[in-house]
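Observations on chain architecture
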Amino acid sequence: MEKLTFYALSAPEKLDRIGAYLSERLSRDVARHRYGYVCIAMEALDQLLMACHCQSINLFVESFLKMVRKLLEADKPNLQILGTNSFVKFANIEEDTASYHRSYDFFVSRFSEMCHSNYEDPDIRTKIRMAGIKGLQGVVRKTINDELQANIWDPQHMDKIVPSLLFNLQSGEGTESRSPSPLQASEKERESPAELTERCFRELLGRAAYGNIKNAVTPVLMHLDNHSLWEGKTFAVRCFKIIMYSIQSQHSHLVIQQLLGHVDANSKSSATVRAGIVEVLLEAAGIAASGSVGPTVLEVFNTLLRHLRLSVDYELTGSYNCTNIGTKIIKEHEERQLQEAVIRTIGSFANTLPTYQRSEVMLFIMGKIPIPGMHPMLPSTGSGPEGNRMIQVMLLKSLRQVTCGFQTTNMLTALPNSFLDPLLSFALLEDAEIRLLVLEILVSLIDRHDNLPKFSSISIISDISVLKLKVDKCSRQDNLFMKKHAQHLYRHVYLCSKEQSSVQPHFEKLYSLLALISMELANEEVVVDLIRVALALQDLALSSEETLPVYSRCAVHALSSAYLNLISQLTTVPAFCQHVHEVIEMRQKESPYLLPEDVFIENPKIPKTLEKLEGELLFQQAKITEVLGGSGYNTERLATPYVPQFTDEDRLSKRKSIGETISLQVELNGVKVCVYSPVDSVGVEEQEKERRRQVVEKFQKAPFEEIAAHCGARATMLQSKLNQIFEITIRPPPSPSGTITSSYGQTQSRSVPVYEMKFPDLCVY
């Protein structure tokens, strides 16, 4: 062998003849079953190949590959393994010159076939499969960097390579946890087909360029489809974890887009399949680096929301038509699992986004929620109002996921009117579940210092310093936000407390909301208003006009007392704390059912009827005004009882008639019907009511022609005013064709069509 190697190196032009001779000998020995000589010939070929890296190696390689092919075609497993090992050695050689005419199609097919070997003896079967995997790894290494080779990323090759790898990856699932650690495992166990496959798969994906990702992932999707592997989820999730961790991070969004497309392609598949794909998306989104969801961020959410809507329709109609198997009956619990998976995935995607994009997504989802009078109710496939209610719940749950952990320094820009107004309008709906979701979203948005867990239950805390609350000074932007939205927030707290269907979770979230506003967004004016709201809640629970059940009255009293206990300690005015403490002590002795400890428990200890409460059992507005006034708070504002104002939002409530809904959206004689201010005198309120009554009456009783004429006249007047403004402010632009002089000697711009204009040469390209 040494002599032969020396001869080949000193006379490289003889190399191809040496190869041809050895090849001929080896073919003859294979045919005659002289396997000892076969091994010797192959060893000689291998050593020559490793030794000779000169330019004329190309012709020698042809003889070499011909022999490897001969061995791979043989029936004997040992020959197949021998051929594979030689091929792998060859694959690791970096050749000086590219090859124009070499083809690896046979090797891809044969190694893929070996990966699926069903040989009877399990040990030999494992060896053949591992040889197949190593062979594929060799083909990939050999072809990946050689531009003149047949492109290994072509679907015809990928459709063989990827399923072969997945088949072995899957077959190793059960044996994966046989040995506790790699150190204790034997050599045989440590190098299992599954581990080798995973290494090979990672290497393949790691080498994939931008344009090749799709060809590598498509066969994975097809394999999981063909073998019904989405339902189990664990294997599909494992595959995509390998993919996401192996590819270059900047390509992550391509995989995400393919998965989204696959969800669309499976819109008529069973809920378990769709849920499996969505679960994989959830995992993939978690791995994708921040912002790598790609340029089509809203498209991701659009697709997920579309499938949420589709699932709701399927669930309500109970079936859908499937192209190949006719009508498919829906299992309700499976659709519910899918919906939960979609909602979790929406949250997972949102977590990878920066704050400004998350704000966009929140607006986008809000725009999809059907709201009476604002966003159109979505067309439903026979599911009617129930479908709209369900989609409202699902989309609000999605919104809750997106807002979870949302932290912004400027709430004014992160939560514009176009988001907050429709969100708050849901607090007016009678549906208790929807109202609770709205409160959870609001609380999540306002909590920027993770104080929420400390207010998760309502209780009287004698010393709030044990909570270790994080309080920052209220910024200028926060002050502006509260100037704009505070009254809306207070109003919704008040109205939600008034709802008879409100139960313990509602009151707990209302307490959290009030507490977090105090922590995150409070200046002196806000503190005063919050105290007024808490006292108004006490008045609401006492009011004989309201038909509140006993539980609701006790719950509102308990909420008011717990919050006043908290805010009194936050203001650090000793006399205020003393008054609140005295009332709570008195309640503990005489009427514990007015405190959270007796109301917000599994079996509330409340009386059958509530007697009239007075004196020391109540928080006194006059007393609080007096003690806070002494510390520099606005006594005039404190002394004015809080009254919630009715605004445009009320038109969104289901409780209003159609006539009132219309009337609230118009202006009469240029004066807006709904005037909104924090504190209004009774006289102004009476005038407001009378004006509203007139508008309602006019729209209910006046002939259609009169209403049309009234609206038409205003529109015409507005248009004429606009025309005047335009005439004054807008001048025609200078024309490239120059100006012309009118008969009065004034210059006027002449309008010339674009195609007649003369442009300088430099402007044309």
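Residues numbered from 1 in each chain as written. Predicted model: local features only at pLDDT ≥ 70, side-chain atom pairs only at ≥ 80, totals over all residues. Heavy atoms only, no water.

Quick word on the pattern of salt bridges
By the definition in use, this model includes 25 salt bridges. In this structure, glutamate 198 and arginine 202 form a salt bridge, with 2.9 Å as the shortest nitrogen-oxygen distance. Of this pair, glutamate 198 and arginine 202 are both found in helix H10 (residues 193–206), 4 residues apart, which corresponds to roughly one turn of the helix. Taking relative accessible area as the criterion, arginine 202 reaches 31% and is therefore assigned partly exposed. Among the ionic pairs, arginine 389 bridges to aspartate 431, the shortest N-O distance being 2.4 Å. Of this pair, arginine 389 sits in helix H18 (residues 384–403) while aspartate 431 sits in the loop between helix H20 (417–425) and helix H21 (432–446), and the two are 42 residues apart along the sequence. Arginine 389 sits in the partly exposed class, given a relative accessible area of 23%. Overlapping salt bridges, with partners in common, bring together Glu525, Asp529, Arg532 and Arg637 in one network. (Salt bridge = Lys/Arg side-chain N within 4 Å of Asp/Glu carboxyl O. Helix = DSSP H or I, 4+ residues; strand = E, 2+ residues; numbered from the N terminus. Buried < 20%, exposed > 50% of the residue type's maximum accessible area, 1.4 Å probe, protein only.)

Section: the confidence of the model for the chain
In the predicted model, the chain carries a mean pLDDT of 82, and 81% of its residues have values of at least 70. A low-confidence stretch, residues 175–189 stays under pLDDT 50, and its non-local contacts, those more than four residues away or across chains, total 9 contacts. Note that residues 740–747 has pLDDT below 50 and, in this model, 7 contacts with residues that lie over four places away or in other chains. (pLDDT = per-residue confidence, 0-100. Contact = heavy atoms within 4.5 Å.)

Structural notes on helix H7 (residues 122–144)
The terminal C-alpha atoms of H7, which comprises 23 residues, lie 33 Å apart, in line with the 33 Å expected from a rise of 1.5 Å per residue. Its side-chain oxygen at 2.9 Å from the backbone nitrogen of aspartate 123, aspartate 121 defines the N-terminal cap of H7. (Expected span 1.5 Å × (residues − 1). Polar contact = N/O pair within 3.5 Å; in protein donor to acceptor, adjacent residues only side chain to side chain.)

Details of the packing of aromatic side chains
The geometry of an aromatic ring pair comes down to the distance between the two centres and the angle between the two planes. Per the stated rule, a full pass over the model turns up 13 aromatic pairs. Considering the side-chain rings of phenylalanine 64 and phenylalanine 90, the 5.6 Å spacing of their centres and the 50° angle between planes classify their relative orientation as tilted. Taken as a pair, phenylalanine 64 in helix H4 (residues 57–73) and phenylalanine 90 in helix H5 (residues 77–91) lie far apart in primary sequence, 26 residues in all. Classification of phenylalanine 90 by relative accessible area gives buried; the value is 1%. (Phe/Tyr/Trp six-rings, centres within 6.5 Å; stacked < 30°, edge-to-face > 60°.)

A look at a negative patch on the surface
A surface patch of negative charge is lined by Glu582, Glu585, Glu590 and Glu616. In this fold, glutamate 590 is placed in helix H26 (residues 574–590). (Patch = residues over 30% accessible without salt bridge, like charges linked within 9 Å, V, L, I, M, F, W, Y side chains within 5 Å. Areas by Shrake-Rupley, 256 points an atom, 1.4 Å probe, with all protein chains shown as cover. Lys, Arg positive; Asp, Glu negative; His and termini not counted. Charge placed at Lys NZ, Arg CZ, Asp CG, Glu CD.)

Quick look at the environment of glutamine 257
Considering the arrangement of structural elements, one finds glutamine 257 in helix H13 (residues 252–265). Along the backbone, glutamine 257 and leucine 281 are 24 residues apart, and their C-alpha atoms lie at a distance of 9.6 Å.

As for H26
With 17 residues, H26 extends 24 Å from end C-alpha to end C-alpha; this agrees with the ideal 24 Å at 1.5 Å per step. Looking only at H26, the buried set comprises Phe576, His579, Val580, Val583, Ile584, Met586 and Arg587. The arc that holds the buried residues of H26, viewed along the axis, is 160°, so those residues lie on one side. Residues of H26 that are exposed and point more than 90 degrees away from the buried face comprise Pro574 and Lys589. On the buried face of H26, the contacting elements are helix H24 (524–542), helix H25 (550–571) and helix H28 (621–629). (Arc of directions from axis to C-beta.)

Observations regarding the packing of helix H3 (residues 35–51) against H5
Contact geometry of H3 with H5 gives a least axis separation of 10 Å together with a crossing angle of 5°. With respect to each other, H3 and H5 are oriented roughly parallel. Of the residues in H5, those touching H3 at Tyr35, Val38, Cys39, Met42, Asp46, Leu49 and Met50 are Leu79, Leu82, Ser86, Lys89 and Phe90. Here the contact of H3 with H5 is built from residues that sort into 9 nonpolar, 1 polar and 2 charged. (Axes fitted to C-alpha atoms, helices over the stretch in contact; angles between N-to-C directions. Parallel < 35°, antiparallel > 145°, perpendicular 65-115°, else oblique. Nonpolar A, V, L, I, M, F, W, Y, C, P; charged D, E, K, R; others polar.)

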